Amino acid sequence: MGKPDLTTELFHDFRLSNPLMIASSHLTSSEAALRNLARIGPSAITLKTTSTVVGGSGKGGRLKVNVFDVDQNIIGLYSDGAKDVEFLNLDATRELVSTARTLLPATQLGISILLHPDEDYEMLARELPPHDYTEFNLKYSLRANADAPERPYLERARDQWESVQAGLKKFIQCFDKKPILVKLPRELDSFIPSQEWASLWQTMYDANTRGARIGILAANTLRCRIAPMFHDANVKGKFFSELSQGVLCGPALFLNTYDLIRRICPPGTAWRQVPVVATGGITTVQTILDVMSAGASAVQLCAALDIHSYEYYTWLVNQLSELMKRCRMATMSKLHDTVHNERD
């Protein structure tokens, strides 16, 4: 048997050279970061999220800290920073897209856009430079307001569902010419399954039946407090006694990611009609296969490259290829069919 074909078809007319994408993150936020990615030629990358409302130039640093278990093994990466660094304005996005097209001509290029009630999606659809797919980032959208702490979180968050649904429908209308990955916020974990989630999923399913190409990006980060003994934060001589404002990503999150994918893709339903990309703690070939067995069709990587190296991406692709060869899986489509049929 020859070398397996890792081509991954998320939607009709949208294919990846392999199922390993690079997540919107510091890995895709600058020319220097893109030059590093150019060494490995990933199948797809999503640039840092765009927002004309809260975005900035993207210049400046974010706190990035390794997090350890009691045996001093790295279990995650903690990051924190200002919104004008985390999100890009339109000019910064244009500049980054131009750089990415030059350095990564064979890579599928995605632009992430933040859900915000004041965002003009029609304008963005007109003004954004050409790209291959779009992510709709629901971050903050279900973070319940703190003005009524006596009400339970789920009750407060339900108040925001109507605006999320309306925002999604408007976004699909503006960007339906390209594939869309709807990036779920970590708060949505509490709602799967629920009537609210079923309604949101139905919106994506209905759009696909009308010819759109909508998928789910099941992202997973964690806000938590990290004691000094579990991190190595030392920025310009300043030591942090406790980390509490940012988010954790990396291997420690994998089990929750796996469980989330299983709940998004329940057996006996039409879950395959809305393809799923998984991200959050996926750092090995085994974890890639695990989330695929749970229902995912592709994955996005971030912490795996931070913990190891950029070349680790190439190693993962080669290991996945060798595993498929040993199992006599000639194509990624065959692997998907096998694990997804077992899921059903």
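Just so it is clear, the structure is predicted and the values come from calculations on it, not from any experiment.

The rules behind these values
Residues numbered from 1 in each chain as written. Predicted model: local features only at pLDDT ≥ 70, side-chain atom pairs only at ≥ 80, totals over all residues. Heavy atoms only, no water. Helix = DSSP H or I, 4+ residues; strand = E, 2+ residues; numbered from the N terminus. Contact = heavy atoms within 4.5 Å. Areas by Shrake-Rupley, 256 points an atom, 1.4 Å probe, with all protein chains shown as cover. Phe/Tyr/Trp six-rings, centres within 6.5 Å; stacked < 30°, edge-to-face > 60°. Buried < 20%, exposed > 50% of the residue type's maximum accessible area, 1.4 Å probe, protein only. Salt bridge = Lys/Arg side-chain N within 4 Å of Asp/Glu carboxyl O. Right-handed = clockwise from strand over helix to strand, strands pointing away. Pairing = 2+ DSSP bridges. Axes fitted to C-alpha atoms, helices over the stretch in contact; angles between N-to-C directions. Parallel < 35°, antiparallel > 145°, perpendicular 65-115°, else oblique. Left-handed = near helix turned anticlockwise from the far one by under 90°. Nonpolar A, V, L, I, M, F, W, Y, C, P; charged D, E, K, R; others polar. Core = buried A, V, L, I, M, F, W, Y, C linked by side-chain atoms within 4.5 Å. Lys, Arg positive; Asp, Glu negative; His and termini not counted.

Engineer: Looking at this model, I keep getting lost on the overall build of the protein. Mind explaining?
Structural biologist: Within the protein one finds 12 helices and 15 strands. Across the protein, every contact between residues at least 6 apart in sequence was considered, and the portion connecting residues at least 24 apart equals 71%. A total of about 15500 Å² of accessible surface is found on the protein, and carbon and sulfur atoms cover 49% of it.

Engineer: Would you mind showing me how to read the packing of aromatic side chains here?
Structural biologist: The way to describe two aromatic rings as a pair is by their centre distance and the angle between their planes. Under the defined criterion, the tally for this structure stands at 10 aromatic pairs. Judged by centre distance (5.6 Å) and plane angle (90°), the ring pair of Y121 and F136 falls under edge-to-face. Of this pair, Y121 sits in helix α4 (residues 121-127) while F136 sits in strand β8 (residues 133-137), placing them 15 residues apart in sequence. For the pair Y121 and F136, a shared accessibility class is recorded, and that class is buried.

Engineer: What's the story with the pattern of salt bridges in this structure? I'm lost.
Structural biologist: Side-chain pairs of opposite charge can arise where the charged atoms are in close proximity. Under the counting rule described, the total for this entry stands at 11 salt bridges. The residue D132 makes a salt bridge to R101 at a minimum N-O spacing of 3.2 Å. One end of the pair, D132, is in the loop between α4 and β8; the other, R101, is in helix α3 (residues 90-103), with 31 residues separating them in the sequence. Judged by its relative accessible area of 23%, D132 falls in the partly exposed class. For R101, a relative accessible area of 30% puts it in the partly exposed group. Salt-bridge contacts for D189 lead to R263; the nearest nitrogen and oxygen are separated by 2.4 Å. With D189 in the loop between β9 (180-183) and α7 (195-209) and R263 in helix α8 (residues 254-264), the pair connects residues that are 74 residues apart, well separated along the chain.

Engineer: What is the right way to look at the pairing of strand β10 (residues 214-218) in this model?
Structural biologist: Counting buried residues along β10, 5 of its 5 residues qualify, which places the element largely inside the surrounding structure. Side-chain alternation along β10 places I214, I216 and A218 on one buried face and G215 and L217 on a second face that is also buried. In the classification by handedness, the crossover that spans β9, the intervening α7 and the parallel β10 is right-handed. Both β10 and strand β14 (residues 276-279) contribute to a ladder of 3 bridges, which runs parallel. When the sheet's bridge partners are listed, I216 is paired in β14 with V276.

Engineer: Is there a simple way to explain the sheet that holds strand β6 (residues 74-80) in this structure?
Structural biologist: The strands making up a sheet associate through backbone hydrogen bonding, with each pair oriented either parallel or antiparallel. One open sheet holds the 3 strands; their spatial order is β5-β6-β13, and the pairing between them is antiparallel. Each edge of the open sheet carries a strand with a single partner, namely β5 (63-68) and β13 (247-249). Between one strand axis and the next, the sheet turns through 30° on average, direction left out of account. For β5 and β6, the ladder comprises 6 bridges, and the chain directions are antiparallel. Bridging from a neighbouring strand, V65 pairs with Y78 of β6.

Engineer: Got a minute to help me understand unusual backbone geometry in this structure?
Structural biologist: With glycine set apart, most residues show a phi of negative sign, and most peptide bonds adopt trans. A cis geometry characterises the amide bond from I192 onward to P193, with omega recorded as 0°. Summarising the element assignment, P193 is placed in the loop between β9 and α7. In this structure, D13 takes a positive phi of about 70° despite not being glycine. Along the chain, the position of D13 falls in the loop between β1 (8-11) and β2 (14-16).

Engineer: Sorry, what's going on with the packing of helix α1 (residues 31-38) against α3 here?
Structural biologist: Describing two packed helices takes the angle between their axes plus the distance from one axis to the other. Contact pair α1 / α3: the axes reach a minimum separation of 10 Å and the direction vectors enclose 20°. Taken together, the axes of α1 and α3 lie roughly parallel to each other. Our pair here, α1 against α3, has a crossing hand that is right-handed. Side by side, α1 and α3 meet where E31, L34, R35 and A38 of the first sit next to L96, T99, A100 and L103 of the second. Here the contact of α1 with α3 is built from residues that sort into 5 nonpolar, 1 polar and 2 charged.

Engineer: What exactly am I supposed to notice about the nonpolar core here?
Structural biologist: Soluble globular proteins: nonpolar side chains tend toward being buried together. By size, the foremost hydrophobic cluster in this structure holds 83 residues, and its most contacted members are W197, I264 and L305. Among the elements that take part in this core, helix α6 (residues 161-175) stands out by supplying 7 residues, more than any other. The contact partners of W197, leaving out residues within four places of it in the chain, are W161, L184, L188, F191, I192, M204, I216 and I264. In terms of nonpolar packing, the next biggest core, distinct from the first, is built from 11 residues, L10, L217, V277 and A298 among them.

Engineer: Could you clarify how one ought to interpret the side chain of E135 in this entry?
Structural biologist: Tracing the backbone shows E135 in strand β8. Buried and without a salt bridge, E135 has K183 as its closest oppositely charged side chain, separated by 4.8 Å.

Engineer: What's the story with the packing of helix α9 (residues 285-294) against helix α12 (residues 332-343) in this structure? I'm lost.
Structural biologist: Where α9 contacts α12, the two axes come as close as 7 Å, and the packing angle between them is 55°. One finds that α9 runs oblique with respect to α12. Touching L289, M292, S293 and A294 of α9 are M332, L335, H336, V339, H340 and R343, all from α12. Considering only residue class, the contact of α9 with α12 consists of 6 nonpolar, 3 polar and 1 charged.

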